[in-house]
Amino acid sequence: DVKVTQSSRYLVKRTGEKVFLECVQDMDHENMFWYRQDPGLGLRLIYFSYDVKMKEKGDIPEGYSVSREKKERFSLILESASTNQTSMYLCASSLGRLSYQPQHFGDGTRLSIL
Amino acid sequence: QQQVKQSPQSLIVQKGGISIINCAYENTAFDYFPWYQQFPGKGPALLIAIRPDVSEKKEGRFTISFNKSAKQFSLHIMDSQPGDSATYFCAASKDNAGNMLTFGGGTRLMVKP
């Protein structure tokens, strides 16, 4: 079974802090994704990556950056955290670029910015 | 702009009843329509999916109905059980978009015993 592990289940940070969310997958998947999940808005794509050191903007990249130095690890960075970034963050990975290949999700990090 | 609209936002069904969740999409280039199921405290997981060349797909108690002309698809859960209580997301993707998914807003389903 594919395992996607997010380093923290809960995180509380202060406004203006630089925040790192870490994600690791163990199935040698090419693609990795970061989403945020908010009630009524579903999952919105922040950034994704098709390969090491590659990154692409999703629908809501403002205020975020990412890093993929190794194939199995994809980090989401909040450069200067703000209260409107309080949310559930989900990481996912998938094998390839075909539409029918499922995405496998971690259990999420609930981030609160005070 | 939400390209995939999902309704209802929440749904309460009695045990043994039928749960129906609807989704509508705008982009006719979408060619793959998965449903993801998310239990509390867990990430979403693929439940069932359909391509637009068929009008229905059934897996156990779960069925997707697809109406290409109306650009709508729906999830039916037959004989709903309390263990089906979860949040359900419809999604859509297209083959030339590198496995990117566009999600609906989600439906929180509660099945009462």
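An account of the accompanying structure is given in this report. This one's a predicted model, so the numbers in the text were calculated from it and none came from an experiment.

## Notes on the environment of Gln103(A)
Right, on to step 1. Positionally, Gln103(A) belongs in the loop between strand 9 (87–94) and strand 10 (104–105).
Right, on to step 2. The contacts of Gln103(A), once residues within four sequence positions are left out, are Phe33(A), Tyr35(A), Ala92(A), Ser93(A), Ser94(A), Tyr36(B), Asn99(B), Met100(B) and Leu101(B).

## A closer look at the interface of chain A and chain B
Right, on to step 1. Taken together, the contact between chain A and chain B spans 25 residues of the former and 24 residues of the latter.
Right, on to step 2. Regarding the contact of chain A and chain B, the summed buried area is about 1,900 Å², with carbon and sulfur atoms giving 49% of it.
Right, on to step 3. Remark: the boundary between chain A and chain B carries 1 salt bridge.
Right, on to step 4. Between Lys42(B) and Asp107(A) there is a salt bridge whose closest N-O contact spans 3.8 Å.
Right, on to step 5. There are 6 residue pairs in polar contact (both at pLDDT 80 or more) connecting chain A and chain B.
Right, on to step 6. Looking at the side of chain A that touches chain B, the elements with two or more residues in it are strand 4 (31–38), strand 5 (42–49) and strand 9 of chain A.
Right, on to step 7. Tallied by class, residues from the side of chain A that touches chain B come to 12 nonpolar, 10 polar and 3 charged.

## Structural notes on the sheet that holds strand 3 (residues 19–25) of chain B
All names here are of chain B.
Right, on to step 1. The strand order across the open sheet formed by 5 strands is 1-3-8-7-6, and the pairing between neighbours is antiparallel. Every interior strand has two partners, whereas the edge strands, strand 1 (4–7) and strand 6 (56–59), have only one. Within the sheet, the average angular offset between the axes of one strand and its neighbour, ignoring direction, is 15°.
Right, on to step 2. Pairing between strand 6 and strand 7 (residues 62–67): 4 bridges, direction antiparallel. Bridging across to strand 7, Lys58 finds its partner in Thr63.

## Side note on the sheet that holds strand 1 (residues 4–6) of chain A
Residue and element names in this part refer to chain A.
Right, on to step 1. Pairing is antiparallel in the open sheet, where 4 strands are placed in the order 1-3-8-7. Bordering the open sheet on either side are strand 1 and strand 7 (64–70), each of which pairs with just one other strand. Taking the axes of each pair of neighbouring strands and ignoring which way they run, one obtains an average angle of 20° across the sheet.
Right, on to step 2. As judged from the 5 bridges shared by strand 7 and strand 8 (residues 73–78), these two strands associate in the antiparallel manner. Along strand 8, the bridge assignment pairs Ser67 with Ser75.

## Side note on the layout of surface pockets
Right, on to step 1. Space inside the largest pocket adds up to approximately 590 Å³.
Right, on to step 2. The wall of the largest pocket is formed by 25 residues, among which Gln37(A), Arg110(A), Gln38(B), Thr87(B) and Arg108(B) lie closest to the centre.
Right, on to step 3. Its residues placed into classes, the lining of the largest pocket shows 8 nonpolar, 11 polar and 6 charged.

## Remarks on the nonpolar core
Right, on to step 1. If you look at the biggest cluster of nonpolar residues, it comprises 24 residues, and the most contacted ones within it are Phe33(B), Trp35(B), Phe73(B), Leu75(B) and Tyr88(B).
Right, on to step 2. Secondary-structure elements contributing two or more residues to this core are strand 2 (10–14), strand 3, strand 4 (33–38), strand 5 (45–50), strand 7, strand 8 (72–77), strand 9 (86–92) and strand 11 (107–112) of chain B.
Right, on to step 3. Per-element accounting of this core gives the leading share, 4 residues, to strand 9 of chain B.
Right, on to step 4. Ignoring sequence-local partners within four residues, the contact set of Leu75(B) consists of Ser19(B), Ile20(B), Ile21(B), Trp35(B), Leu47(B), Ile48(B), Phe62(B), Thr63(B), Ile64(B) and Tyr88(B).
Right, on to step 5. Membership of the second largest hydrophobic core comes to 20 residues, among which are Ile46(A), Leu78(A), Cys91(A) and Ile113(A).

## Re the packing of aromatic side chains
Right, on to step 1. Throughout the structure, instances matching the rule amount to 18 aromatic pairs over all chains.
Right, on to step 2. Ring geometry for Tyr25(B) against Phe66(B): centres 6.2 Å apart, planes inclined by 15°, an arrangement best described as stacked. Here Phe66(B) lies in strand 7 and Tyr25(B) lies in strand 3, a separation of 41 residues in the sequence.
Right, on to step 3. Classification of Phe66(B) as buried rests on a relative accessible area of 7%.
Right, on to step 4. A connected cluster of aromatic rings, assembled from ring pairs, spans Phe33(A), Tyr35(A), Phe48(A), Tyr50(A), Phe105(A), Tyr36(B), Phe89(B) and Phe103(B).

The rules we used
Residues numbered from 1 in each chain as written. Chains lettered and ligands numbered in written order. Predicted model: local features only at pLDDT ≥ 70, side-chain atom pairs only at ≥ 80, totals over all residues. Heavy atoms only, no water. Helix = DSSP H or I, 4+ residues; strand = E, 2+ residues; numbered from the N terminus. Contact = heavy atoms within 4.5 Å. Buried area = accessible area lost by both parts, 1.4 Å probe. Salt bridge = Lys/Arg side-chain N within 4 Å of Asp/Glu carboxyl O. Polar contact = N/O pair within 3.5 Å; in protein donor to acceptor, adjacent residues only side chain to side chain. Nonpolar A, V, L, I, M, F, W, Y, C, P; charged D, E, K, R; others polar. Pairing = 2+ DSSP bridges. Axes fitted to C-alpha atoms, helices over the stretch in contact; angles between N-to-C directions. 1 Å grid on protein atoms, 1.4 Å probe; cavity = no way out; pocket = protein on both sides within 12 Å on 5 of 7 lines; lining within 4 Å. Points joined across faces, edges and corners; volume = space filled by probe spheres on them. Core = buried A, V, L, I, M, F, W, Y, C linked by side-chain atoms within 4.5 Å. Buried < 20%, exposed > 50% of the residue type's maximum accessible area, 1.4 Å probe, protein only. Phe/Tyr/Trp six-rings, centres within 6.5 Å; stacked < 30°, edge-to-face > 60°.

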